[in-house]
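The lines below spell out each chain.
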Amino acid sequence: LGRRSSTSLAAVFDGFPPPMDYAPESTDEALIRAQERTASRTRTLLVVARLCFVFSHGVLAIAASAALASGIETRWWTVFTPVWLGDGLSFVLCVTSWFVSCPYIQLCLAERQARVGDQNPSILTELLPDIVWAIFGLIFVCLSFAGEVMLCGFLE
């Protein structure tokens, strides 16, 4: 008399929403996740800036050796163009790296913790030193650019 079949019980619960564990995350949780994703972007941009700087100087070495080997009078301003593009891109990446992790830093300050999550960097021991070294890297890029302009003027 009081027996219900399991199929009819499953049919009754088919129309109900899933339990709260499977509900979509709230906007606050989504914002925190978005802020956590910016944690390692400072280091990533600095690595890209270094690679861009080195690659552009490699292109300069190849272009300069080809210009010297050809024996034809070349315009050195044209030969140095790849390195100036690389210096400009490195400059932009260094400056951008200072600000790209700001959402993560704001999250850490709001949580009053140096690190949020196990895989994210600490703002005191990892992000802040990267930002300080990026300032020195920017000075190096500017000095390199000035030296390259003077060398190009001398060669011209």
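Up top is the structure.
Residues numbered from 1 in each chain as written. Predicted model: local features only at pLDDT ≥ 70, side-chain atom pairs only at ≥ 80, totals over all residues. Heavy atoms only, no water.

Student: Which parts of the structure should I look at to understand a nonpolar patch on the surface?
Tutor: On the surface, Leu-124, Leu-128, Val-132, Trp-133, Ile-135, Phe-136, Ile-139 and Leu-143 cluster together to form a nonpolar patch covering roughly 830 Å² of accessible area. Along the polypeptide, Phe-136 turns up in helix α7 (residues 123-155). (Patch = residues over 30% accessible without salt bridge, like charges linked within 9 Å, V, L, I, M, F, W, Y side chains within 5 Å. Areas by Shrake-Rupley, 256 points an atom, 1.4 Å probe, with all protein chains shown as cover. Salt bridge = Lys/Arg side-chain N within 4 Å of Asp/Glu carboxyl O. Helix = DSSP H or I, 4+ residues; strand = E, 2+ residues; numbered from the N terminus.)

Student: Honestly, unusual backbone geometry in this entry has me stumped. Any pointers?
Tutor: Trans is the common state for peptide bonds, and a negative phi is the common state for residues other than glycine. Although it is not a glycine, Arg-112 sits at a positive phi angle of roughly 60 degrees. If you trace the backbone, Arg-112 turns up in the loop between α6 (102-111) and α7. Among the residues examined, Arg-112 registers a relative accessible area of 80% and is labelled exposed. (Buried < 20%, exposed > 50% of the residue type's maximum accessible area, 1.4 Å probe, protein only.)

Student: Help me understand the pattern of salt bridges in this model?
Tutor: Between side chains of opposite charge, pairing is possible as soon as their charged atoms come close. Following the criterion strictly, the structure yields 3 salt bridges and no others. The salt bridge involving Arg-115 is made with Glu-126; its shortest N-O contact spans 3.5 Å. Taken together, the positions of Arg-115 in the loop between α6 and α7 and Glu-126 in helix α7 put the pair 11 residues apart, joining distant regions of the chain. The exposure class assigned to Glu-126 is partly exposed, which follows from its relative accessible area of 25%.

Student: What is the right way to look at the layout of surface pockets in this model?
Tutor: One way to see where empty space is left: roll a probe the size of a water molecule over the atoms. One number sums up the size of the largest pocket: a volume of about 210 Å³. Contributing to the lining of the largest pocket are Leu-46, Ala-49, Arg-50, Phe-53, Ser-90, Cys-94, Asp-130, Trp-133, Ala-134, Gly-137, Phe-140 and Val-141. Those elements giving two or more residues to the lining of the largest pocket turn out to be α3 (41-70), α5 (81-99) and α7. Among the elements that make up the lining of the largest pocket, the one with the highest residue count is α7 (6 residues). Within the lining of the largest pocket, the residues separate by chemical class into 8 nonpolar, 2 polar and 2 charged. (1 Å grid on protein atoms, 1.4 Å probe; cavity = no way out; pocket = protein on both sides within 12 Å on 5 of 7 lines; lining within 4 Å. Points joined across faces, edges and corners; volume = space filled by probe spheres on them. Nonpolar A, V, L, I, M, F, W, Y, C, P; charged D, E, K, R; others polar.)

Student: Explain the packing of α6 against α7 to me, please; I cannot follow it from the model alone.
Tutor: Helices that pack against each other are described as a pair by the angle of their axes relative to one another and the distance between those axes. For the pair α6 and α7, interaxial distance at closest approach is 12 Å and the crossing angle is 150 degrees. The interaxial crossing formed by α6 with α7 has left-handed handedness. Facing α6, whose interface residues are Tyr-104, Ile-105, Cys-108 and Leu-109, α7 presents Ile-123, Leu-127 and Ile-131. Its residues assigned to classes, the contact of α6 with α7 shows 7 nonpolar, no polar and no charged. (Axes fitted to C-alpha atoms, helices over the stretch in contact; angles between N-to-C directions. Left-handed = near helix turned anticlockwise from the far one by under 90°. Contact = heavy atoms within 4.5 Å.)

Student: Hey, could you run me through α5 in this one?
Tutor: The α-helix winds at 3.6 residues per turn, so residues separated by three or four positions along the chain end up facing the same way. The terminal C-alpha atoms of α5, which comprises 19 residues, lie 28 Å apart, in line with the 27 Å expected from a rise of 1.5 Å per residue. Within α5 the residues assigned to the buried category are Val-83, Trp-84, Gly-86, Asp-87, Ser-90, Leu-93, Cys-94 and Ser-97. As for α5, its buried residues are in contact with α3, α4 (76-79) and α7. (Expected span 1.5 Å × (residues − 1).)

Student: Hey, could you run me through α6 in this one?
Tutor: Inspection of α6 places Tyr-104, Leu-107 and Cys-108 among the buried residues, and these make up the whole buried set. Viewed along the axis of α6, the buried residues span an arc of 100 degrees, placing them on a single side of the element. Exposed side of α6, more than 90 degrees from the buried face: Gln-106, Leu-109 and Ala-110 are the residues found there. Just beyond α6, the residue with positive phi is Arg-112, at close to 60 degrees. (Arc of directions from axis to C-beta.)

Student: Quick question: what am I supposed to make of the environment of Phe-145 here?
Tutor: On the secondary structure map, Phe-145 appears in helix α7. In this structure the C-alpha to C-alpha distance between Phe-145 and Val-83, which are 62 residues apart in sequence, comes to 8.5 Å. Once you skip the residues sitting within four places of it in the chain, Phe-145 turns out to touch Trp-84 and Asp-87.

Student: Hey, could you run me through the side chain of Ser-122 in this one?
Tutor: Checked against the element boundaries, Ser-122 lands in the loop between α6 and α7. One polar contact links the side chain of Ser-122 to the main-chain amide nitrogen of Leu-124, over a distance of 3.3 Å. Engagement of the side chain of Ser-122 in a polar contact is seen with the side chain of Thr-125, the distance being 3.4 Å. (Polar contact = N/O pair within 3.5 Å; in protein donor to acceptor, adjacent residues only side chain to side chain.)

All we've got here are geometric facts, nothing functional implied.
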